Amino acid sequence: MALLRERPTRHRLFAATPATPAAPRKLPGLTLAALGVAAAWGIHRLVPAVPMLTAAVVLGIAVAHLPFAQTAVRGAARPGLTFAGKRLMRVGVVLLGLKLSLDDVLGIGWATVAMVLGVVAATFFGTWWLGRKMGLPGDQPLLIATGYSICGASAIGAVSEAGGSDERDTATSVALVTLCGTLAIAVLPLLHGPLGLTDAEFGRWVGASVHDVGQVVATAQTAGPGALGEAVLVKLMRVALLAPLVAAVALSVRRRRRGSWPADEDQKRPPVVPLFVVGFLAAVALRSTGWLPGVALDVAQHAQELLLAAALFGLGSAVHLPSLTRTGGKVAGLGLCAWVVVAGVSYGGVLLTA
């Protein structure tokens, strides 16, 4: 069964005017995205429990539905917001690789690595299969499965780029995964004691079950620095699986569309491994050498957060709530089921590897 459904052309919500120069056309949207990032940063500073990336998505959705901003978001600002949601997302994913080193992966132990692989596989294939059975349109089952199993909105953006997914499918999936990840910040700490988990076990559970890196940090820090360290290591192991998943999606697209390109349009075929995934792997390799000083890593981390926040603001601005309500029940049902799956499987995995 193919991961991606065939579509003859890539859908674009807002057509660009060919005669308009590219850079000026993107400027209004990029300016709006920058303002959104600044507002998200301010919210995070005022309420540290709210990750900046989560705030950026919510602000993007809110701005798109403000009466005085709708015309700009859907018109003059759309090219720049789309650029942020796609191109800046790629750069942010590359910089995400600088958070991970091979020593970190090896340091968590093979039992934990096997647990993470099992959680990711069960969550991805279970969510994708259920989404198809529920009749969710387009690539929504694939994108939601990716977000829940790997690293939230960042993974959704990467896979949607590799597969040429519809912007509305991407925006809907990001909104759902962000909402559920935000709820995890409040719900999981309440289960720490009742489930009988030590601080370290709670950290591994959070790292294996919560979607976005920022949400993992916000959730795990409630149990102290020991839990936070375990959570981040397990989470980064999930992030490492982003590259093979994106490569698999790109290969699936090439296989399904083989023979559908004219002979003189080979350059338009999706690459076997997208360039930004190569950049992600290169960043992991660079981090593993130990050559980068701490200052450079800190700068890269701040840049990555800002770029991803801008990208998520752009994706959030593409969410159209009236359209979402037409499939909202199915989307919410899939999100709830996937949440139960990832939390339950990861809890069992933590107990088996304790």
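Since we're looking at a predicted model, the values are computed, not measured.

1. Comments concerning the confidence of the model for the chain
This prediction gives the chain a mean pLDDT of 81; 86% of its residues lie at or above 70. When pLDDT is averaged over each helix and strand of the chain, the minimum, 66, is found for helix H16 (residues 321–324) and the maximum, 92, for helix H10 (residues 199–209). Ignoring residues within four places in sequence, the model shows residues 6–20, a span with pLDDT below 50, making 23 contacts including any to other chains.

2. Quick word on helix H14 (residues 275–289)
The end-to-end C-alpha distance of H14, which contains 15 residues, comes to 21 Å, matching closely the 21 Å that a straight helix rising 1.5 Å per residue would cover. Among the residues making up H14, those that are buried are Phe276, Val277, Phe280, Ala283 and Val284. Each buried residue of H14 lies within a common arc of 115° when the element is viewed along its axis, so the set occupies one face.

3. Considerations on the packing of aromatic side chains
Here the structure, examined in full by the defined rule, presents three aromatic pairs. By the ring-pair criterion, three or more aromatic residues cluster together here, those being Phe202, Trp205 and Tyr347.

4. Things to note about the nonpolar core
Of all hydrophobic cores here, the largest spans 93 residues; its most connected members are Tyr148, Ile150, Phe202, Val206, Leu242, Val246 and Leu312. When residues no more than four places from it in sequence are discounted, the contact partners of Phe202 are Leu188, Pro189, His192, Leu197, Thr219, Ala220, Thr222, Ala223 and Ala227.

5. Regarding the packing of helix H11 (residues 213–220) against helix H12 (residues 225–240)
One can describe the packing of H11 onto H12 by two numbers: an axis separation of 9 Å at closest approach and a directional angle of 160°. Between H11 and H12, the angle is such that the two are roughly antiparallel. As for how H11 packs across H12, the hand of that crossing is right-handed. Contacts from Val213, Val216, Val217 and Ala220 in H11 reach Ala227, Leu228, Ala231, Val232, Lys235 and Val239 in H12. A per-class count over the contact of H11 with H12 returns nine nonpolar, no polar and one charged.

6. Describing the environment of Asp103
Relative to the elements of secondary structure, Asp103 occurs in helix H5 (residues 102–107). Considered as a pair, Asp103 and Thr289 are 186 residues apart in the sequence and their alpha carbons are 9.7 Å apart.

7. Points about a nonpolar patch on the surface
Side chains of Leu179, Leu183, Val187, Leu190 and Leu191 sit close together on the surface and give an oily, nonpolar patch of about 430 Å² of accessible area. Considering the arrangement of structural elements, one finds Val187 in helix H9 (residues 167–191).

8. Looking at the side chain of Asp139
Within the secondary structure layout, Asp139 lies in the loop between helix H6 (110–133) and helix H7 (140–149). Looking at Asp139, the relative accessible area reads 2%, which means it is buried. Within the structure, the side chain of Asp139 is placed 2.9 Å from the side chain of Ser165, a separation counted as a polar contact.

9. What to know about the side chain of Thr219
Tracing the backbone shows Thr219 in helix H11. Since its relative accessible area comes to 0%, Thr219 is described here as buried. Apart from the residues lying within four places of it in its own chain, the contact partners of Thr219 are Ala184, Ile185, Leu188, Pro189, Phe202, Val206 and Val210.

10. Section: the packing of H10 against H11
Between two packed helices, the angle of one axis relative to the other and the distance separating the axes together describe the packing. Contact geometry of H10 with H11 gives a least axis separation of 9 Å together with a crossing angle of 155°. Of the possible angle classes, the one that applies to H10 and H11 is roughly antiparallel. Both H10 and H11 take part in a crossing whose hand is right-handed. Together, Phe202, Val206 and Gly207 of H10 and Val216, Thr219 and Ala220 of H11 make up the contact between the two elements. Partitioned by chemical class, the residues of the contact of H10 with H11 number four nonpolar, two polar and no charged.

11. A short note on the pattern of salt bridges
Inspection of every chain in the model, using the stated rule, returns two salt bridges. Here Arg168 ties to Asp166 by a salt bridge, and the two come within 3.8 Å at their closest N and O atoms. The closest approach of N and O atoms between Arg204 and Glu230, which form a salt bridge, is 3.4 Å. Placement of Arg204 in helix H10 and of Glu230 in helix H12 is noted, with a sequence separation of 26 residues between them. Classification of Arg204 as buried rests on a relative accessible area of 13%. Relative accessible area serves as the criterion here: at 27%, Glu230 is assigned to the partly exposed category.

Basis of the calculations
Residues numbered from 1 in each chain as written. Predicted model: local features only at pLDDT ≥ 70, side-chain atom pairs only at ≥ 80, totals over all residues. Heavy atoms only, no water. pLDDT = per-residue confidence, 0-100. Helix = DSSP H or I, 4+ residues; strand = E, 2+ residues; numbered from the N terminus. Contact = heavy atoms within 4.5 Å. Expected span 1.5 Å × (residues − 1). Buried < 20%, exposed > 50% of the residue type's maximum accessible area, 1.4 Å probe, protein only. Arc of directions from axis to C-beta. Phe/Tyr/Trp six-rings, centres within 6.5 Å; stacked < 30°, edge-to-face > 60°. Core = buried A, V, L, I, M, F, W, Y, C linked by side-chain atoms within 4.5 Å. Axes fitted to C-alpha atoms, helices over the stretch in contact; angles between N-to-C directions. Parallel < 35°, antiparallel > 145°, perpendicular 65-115°, else oblique. Left-handed = near helix turned anticlockwise from the far one by under 90°. Nonpolar A, V, L, I, M, F, W, Y, C, P; charged D, E, K, R; others polar. Patch = residues over 30% accessible without salt bridge, like charges linked within 9 Å, V, L, I, M, F, W, Y side chains within 5 Å. Areas by Shrake-Rupley, 256 points an atom, 1.4 Å probe, with all protein chains shown as cover. Salt bridge = Lys/Arg side-chain N within 4 Å of Asp/Glu carboxyl O. Polar contact = N/O pair within 3.5 Å; in protein donor to acceptor, adjacent residues only side chain to side chain.

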